[in-house]
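Listed here are the chains, written in short residue letters.
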Amino acid sequence: MEMVDKIDIKILKELLTNSSQHLSKIGKKIRLSRENVYYRIQNLIKKRVIRNFVTLIDYDKLGFTQYTAFIEFEKIDKNKEKEIIEYLQKQSRISWIGILAGSLSLTFDIYVKTNAELNDIVNKFLTRFKDTIGEYFILNVIDSAYFFNKLLDESIFATIKKINTKVKIDSINKSILKQLNENSRKTYVELAGALNVTPNAIKQRVKKLEEAGIIKGYSISINHKSLGFEWHGIQIKIIKPEIEIEKRLSEYLHGNKRVIFYYQYSKSGICDFDIGVTIKNSEELREFINELRTEFYEELKIQNIFLVLEEISSYKLPPIIFL
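Summarised in this report is the structure supplied together with it.

Scoring rules and cut-offs
Residues numbered from 1 in each chain as written. Predicted model: local features only at pLDDT ≥ 70, side-chain atom pairs only at ≥ 80, totals over all residues. Heavy atoms only, no water. Helix = DSSP H or I, 4+ residues; strand = E, 2+ residues; numbered from the N terminus. Rg over C-alpha atoms; globule rule 2.2 N^0.38 Å. Contact = heavy atoms within 4.5 Å. Areas by Shrake-Rupley, 256 points an atom, 1.4 Å probe, with all protein chains shown as cover. Lys, Arg positive; Asp, Glu negative; His and termini not counted. Charge placed at Lys NZ, Arg CZ, Asp CG, Glu CD. Salt bridge = Lys/Arg side-chain N within 4 Å of Asp/Glu carboxyl O. Buried < 20%, exposed > 50% of the residue type's maximum accessible area, 1.4 Å probe, protein only. Polar contact = N/O pair within 3.5 Å; in protein donor to acceptor, adjacent residues only side chain to side chain. Expected span 1.5 Å × (residues − 1). Pairing = 2+ DSSP bridges. Axes fitted to C-alpha atoms, helices over the stretch in contact; angles between N-to-C directions.

### Observations regarding the overall build of the chain
- Summing up its helical and strand segments, the chain has ten helices and ten strands in all.
- A compact globule built from 323 residues would reach a C-alpha radius of gyration of about 20 Å, and the chain, at 20 Å, matches this within 12%.
- C-alpha atoms of the chain, sized along the principal axes, occupy 50 × 45 × 45 Å.
- Sequence separation of at least 24 residues holds for 78% of the intrachain contacts in the chain that already meet a minimum separation of 6.
- Surface exposure of the chain reaches about 16,900 Å², of which carbon and sulfur atoms provide 48%.
- Distance between charge centres in the chain, computed from 51 positive and 42 negative side chains, equals 8 Å.

Below is the structure:
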């Protein structure tokens, strides 16, 4: 039985573009009643097609730097793996966690303001699980992009026109961002009730956060497996680092239909880009790799390829961002 039908696809496309829009607005666009839109969305959540409703927040404007850790397990069993994941889930600076197959076993994102904070969280992790962890490396993310839309349609994007105004990030704005980070569909009335301010005040604050580019858009995280895709990570090293090559690669990844995200890392000697590719079989993966090598012949080297077996947590910033 298919997980989604044509009407579900239309709803998902609308939510990918703007997951905060009213149900009645979605219904008007696809010629469906508000009640039917609501029922179908709830069904998509129940079937785990929709993982969560995402608010795209610029953490850099809030003073944070992102790092990504890659871990290889040595002595590991199911119980120890569970213990490690539960430990990571409790950490206020760690967000997305993925279980991998290949030469790497685990990856997760870390958000900090200082090198001291990074060293502290890494040292505690390595000390606690020293008998389990083999090789590891941690990379500084300097650029990233997510293309959730490509699972359905390359032409749709979740973007907000920003004016680059400045806005003060006070305790109320942090609370608004925290609430929307949990669920982009929270209404002004719901936010007002949670924060004890008026809905109109919430509306004005959200508008200013959007205009300042702190809120970059509203979308959804889709379970790629529900649409028949596998997710492979490809780590790339640029042979002769040049700004022009990096720019051309970034543009290529934006335009390629199979790339659902990429991270660009600061120079480390390990890898320069991390690409997330969704494919339906090994032949499609081979085609992508061949196309990439042809386009960037003698300019890049594929360092590693791994399969993402499971996303433990979907796209969401960690609690530390909003304290």
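### Remarks on the pattern of salt bridges
- Enumeration according to the criterion identifies 13 salt bridges in this entry.
- The closest approach of N and O atoms between K267 and E246, which form a salt bridge, is 2.6 Å. Here E246 lies in helix α9 (residues 243-255) and K267 lies in the loop between β8 (259-265) and β9 (273-279), a separation of 21 residues in the sequence.
- Residue R258 pairs with E287 through a salt bridge whose shortest N-O separation is 3.5 Å. Here the residue R258 occupies a position in the loop between α9 and β8, and E287 occupies one in helix α10 (residues 282-295), the gap between them amounting to 29 residues.
- With relative accessibility at 10%, the residue R258 sits in the buried group.
- A relative accessible area of 35% means that E287 is categorised as partly exposed.

### Regarding unusual backbone geometry
- For N196, which is not a glycine, the phi torsion comes out positive at approximately 60°.
- Position of N196 relative to the elements: it lies in the loop between α7 (188-195) and α8 (199-211).
- Given the relative accessible area of 71%, N196 is considered exposed.
- The backbone of E298 shows a phi angle near 65°, a positive value even though the residue is not glycine.
- We classify E298 as exposed; its relative accessible area is 58%.

### Considerations on the side chain of N223
- Here N223 is to be found in the loop between β6 (215-222) and β7 (230-238).
- Given a relative accessible area of 14%, N223 falls into the buried group.
- Here K225 takes part through its backbone nitrogen, which lies 3.1 Å from a polar atom of the side chain of N223.

### Observations concerning helix α5 (residues 115-128)
- Here α5 is 14 residues long and its end C-alpha atoms lie 20 Å apart, about the 20 Å a rise of 1.5 Å per residue gives.
- Along its buried surface, α5 packs onto β2 (65-73), α4 (78-89), β3 (94-101), β4 (106-112) and β5 (133-146).

### Side note on the side chain of T278
- If you trace the backbone, T278 turns up in strand β9.
- When near neighbours in sequence (up to four residues on either side) are disregarded, T278 contacts L151, H224, F229, E230, R258 and I260.

### Remarks on the sheet that holds strand β10 (residues 300-313)
- Taken in spatial order, the eight strands of this closed barrel run β2-β4-β3-β10-β7-β9-β8-β5, and their pairing is antiparallel. Going across the sheet, the axis of each strand differs from the next one's by a mean of 35°, ignoring polarity.
- Looking at chain direction, β7 and β9 are connected through seven bridges and run antiparallel. Opposite G233, over in β9, you have G276 as the bridge partner.
- Most of the contacts of α4 go to β3, to which it runs at about 160°, and overall it touches β2, β3, β4 and β10.
- Packing of α10 onto the sheet brings it into contact with β7, β8, β9 and β10, and relative to β7 it is tilted by some 20°.

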